[in-house]
Amino acid sequence: MPELPEVETVARRLNDTAAGAALEKIIVLDKKLSIPDRKNLRGAVLRRVVRAGKTVVLELSGPESQRLLQIHLRMSGRLFWIDKAENTIHTFDGYVSNVKGVGRKHCRVRFLFDSGTLLFVDPRRFGTVKLVRSAQELDIPGLDPTGSDFTLAVFRKLLGESAQKIKVWLLRQDRITGLGNIYASEILFDSGIDPERTVGSLNSAEIKRLHSSIRKILRNAIKHCGTTFSDFQSSEGSLGEYQNYLKVYGRAGEKCADCDAKILRVVQAQRSTFYCPQCQA
DNA sequence: CTTTCAGCCTGGGCGC
DNA sequence: TGCGCCCAGGCTGAAA
């Protein structure tokens, strides 16, 4: 569950749930992952959890050192919190339950805290974990589109005259960090721009609409706690509801929300793109 | 520099 | 039930 709004949701919820907990032990279960000198973190306090780009960052302060633990969920990574006192499992993406056995399969790292256990579960094993000493060392390749420095002028400069297709460009994390396949399609629909257009062909008005759509769609998705594709229903009804607002993503063959045309699916850079050929002409 | 494409992994869904 | 495909919210590195 990994684009900016989903990661933002997870980071906020985990922060609310686990901030202040003291770390006792880190157990790495996947040989692909390693956390060098993690023993030095014993006793470190989880100050807060924030989002950086598409990653979740745990800010830990120990008796001797400060460390930032950066978790990238990639395609299938999820975080679970097993609360000691409540004996419940929090998933941060739509439900709370006491289901037994969650995370037994595909659990890659267990972070044992005094008040509970954080599980990093990742079936496809694309996710990464990185321990760094300062915010400067965090892996944040490009600009955060929700920040105040993501202005229209900065966006114009960033776009330049690239010959790349705009949809493909929006996925470039070294330019804007946080957009993924769902929101790139949704943003282009919102701004009425054909995903096949090249960056250099966009006129001033289109760039302005695009900038505004990026801000608007992300704000709205964060407000609805992101998009959740899950088998289980939310027991709270308040988290991960943006799937109900998607206008084109995953809707190939369906009628467009704004006209009579049918939503198309095309493949660009080996990723599906969904769009309305009439609204995005 | 660009674009394409296999690869990293596992699992779910669908047609036969 | 089973097999073979295709698909999946991400990204890298090699090749062309």
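Refer to the structure printed above.
All of these numbers come straight from a predicted model, not from anything done at the bench. (Residues numbered from 1 in each chain as written. Chains lettered and ligands numbered in written order. Predicted model: local features only at pLDDT ≥ 70, side-chain atom pairs only at ≥ 80, totals over all residues. Heavy atoms only, no water.)

## A short note on the overall build of chain A
Here's step 1: Looking only at helices and strands, one finds five helices and 12 strands in chain A.
Here's step 2: Here the C-alpha radius of gyration of chain A, 20 Å, is about what a compact globule of 281 residues would show, namely 19 Å.
Here's step 3: The principal-axis extents of the C-alpha atoms in chain A amount to approximately 55 × 40 × 30 Å.
Here's step 4: Surface exposure of chain A reaches about 13,500 Å², of which carbon and sulfur atoms provide 48%.
Here's step 5: Charge centroids of chain A, computed over 44 positive and 31 negative side chains, lie 4 Å from each other. (Helix = DSSP H or I, 4+ residues; strand = E, 2+ residues; numbered from the N terminus. Rg over C-alpha atoms; globule rule 2.2 N^0.38 Å. Areas by Shrake-Rupley, 256 points an atom, 1.4 Å probe, with all protein chains shown as cover. Lys, Arg positive; Asp, Glu negative; His and termini not counted. Charge placed at Lys NZ, Arg CZ, Asp CG, Glu CD.)

## Observations concerning the packing of aromatic side chains
Aromatic ring pairs are described here by two measures, namely the spacing of the ring centres and the angle between the planes.
Here's step 1: Within the structure shown, the criterion is met by seven aromatic pairs.
Here's step 2: A ring pair is formed by F229 and Y249, whose centres lie 6.3 Å apart and whose planes are at 20 degrees; its orientation type is stacked. In this pair, F229 is assigned in the loop between α5 (204-223) and β11 (264-268) and Y249 in the loop between α5 and β11, connecting sequence segments 20 residues apart.
Here's step 3: Judged by relative accessible area, F229 falls into the exposed class, the value being 57%.
Here's step 4: With a relative accessible area of 22%, Y249 lands in the partly exposed category.
Here's step 5: Members of the aromatic cluster, connected to one another through ring pairs, are F150, F155 and W169. (Phe/Tyr/Trp six-rings, centres within 6.5 Å; stacked < 30°, edge-to-face > 60°. Buried < 20%, exposed > 50% of the residue type's maximum accessible area, 1.4 Å probe, protein only.)

## Brief notes about the protein's contact with DNA strand C
Here's step 1: Close contacts around DNA strand C come from 20 residues, with E6, T227, Y249, R271 and S272 the closest.
Here's step 2: Each atom of DNA strand C within 4 Å of the protein was classed as base or backbone; sugar and phosphate made up 55%.
Here's step 3: A distance of 2.7 Å separates a phosphate oxygen of DNA strand C from a polar atom in the side chain of K54.
Here's step 4: Of all the secondary structure elements, the ones that give two or more residues to the surface near DNA strand C are α4 (181-191) and β12 (271-275).
Here's step 5: Class assignment of the residues belonging to the surface near DNA strand C gives a composition of seven nonpolar, six polar and seven charged. (Near = heavy atom within 4 Å. Polar contact = N/O pair within 3.5 Å; in protein donor to acceptor, adjacent residues only side chain to side chain. Nonpolar A, V, L, I, M, F, W, Y, C, P; charged D, E, K, R; others polar.)

## Let's talk about the protein's contact with DNA strand B
Here's step 1: In the vicinity of DNA strand B, the contacting residues are K32, K105, H106, P123, R124, R125, F126, A163, Q164 and Q270.
Here's step 2: Take the atoms of DNA strand B that sit within 4 Å of the protein: sugar and phosphate atoms are 50% of them.
Here's step 3: Contact distances for DNA strand B include 2.8 Å between a phosphate oxygen and a side-chain N or O atom of H106.
Here's step 4: A distance of 3.4 Å separates a phosphate oxygen of DNA strand B from a polar side-chain atom of R125.
Here's step 5: Residue classes in the surface near DNA strand B are distributed as three nonpolar, three polar and four charged.

## What to know about the nonpolar core
Here's step 1: The biggest cluster of nonpolar side chains holds 30 residues, and the ones touching the most others in it are L14, L79, F111, F113 and F120.
Here's step 2: No other element matches the five residues that helix α1 (residues 4-18) contributes to this core.
Here's step 3: What F111 contacts, discounting residues up to four positions off in sequence, is L23, K25, I26, I35, L69, I71, G116, T117, L118 and F120. (Core = buried A, V, L, I, M, F, W, Y, C linked by side-chain atoms within 4.5 Å. Contact = heavy atoms within 4.5 Å.)

## Looking at the environment of R13
Here's step 1: As for its position among the elements, R13 is in helix α1.
Here's step 2: Sequence spacing of R13 and T91 is 78 residues, and the spatial spacing of their C-alpha atoms is 9.0 Å.

## Side note on a positive patch on the surface
Here's step 1: Taken together, the side chains of K25, R38, K39 and R42 make up a positively charged region of the molecular surface.
Here's step 2: Relative to the assigned elements, K39 resides in the loop between β1 (23-28) and β2 (45-52).
Here's step 3: By relative accessible area, K39 is classed as exposed at 65%. (Patch = residues over 30% accessible without salt bridge, like charges linked within 9 Å, V, L, I, M, F, W, Y side chains within 5 Å. Salt bridge = Lys/Arg side-chain N within 4 Å of Asp/Glu carboxyl O.)

## Examining the pattern of salt bridges
Here's step 1: On inspection of all chains with the given rule, the structure shows 12 salt bridges.
Here's step 2: Put simply, R175 and D174 hold a salt bridge, and the shortest N to O gap is 2.8 Å.
Here's step 3: With a shortest N-O distance of 3.0 Å, E254 and R251 are connected by a salt bridge.
Here's step 4: The exposure class assigned to E254 is partly exposed, which follows from its relative accessible area of 36%.
Here's step 5: Within the structure, one salt-bridge network assembled from shared partners comprises E8, R12, R51 and D144.

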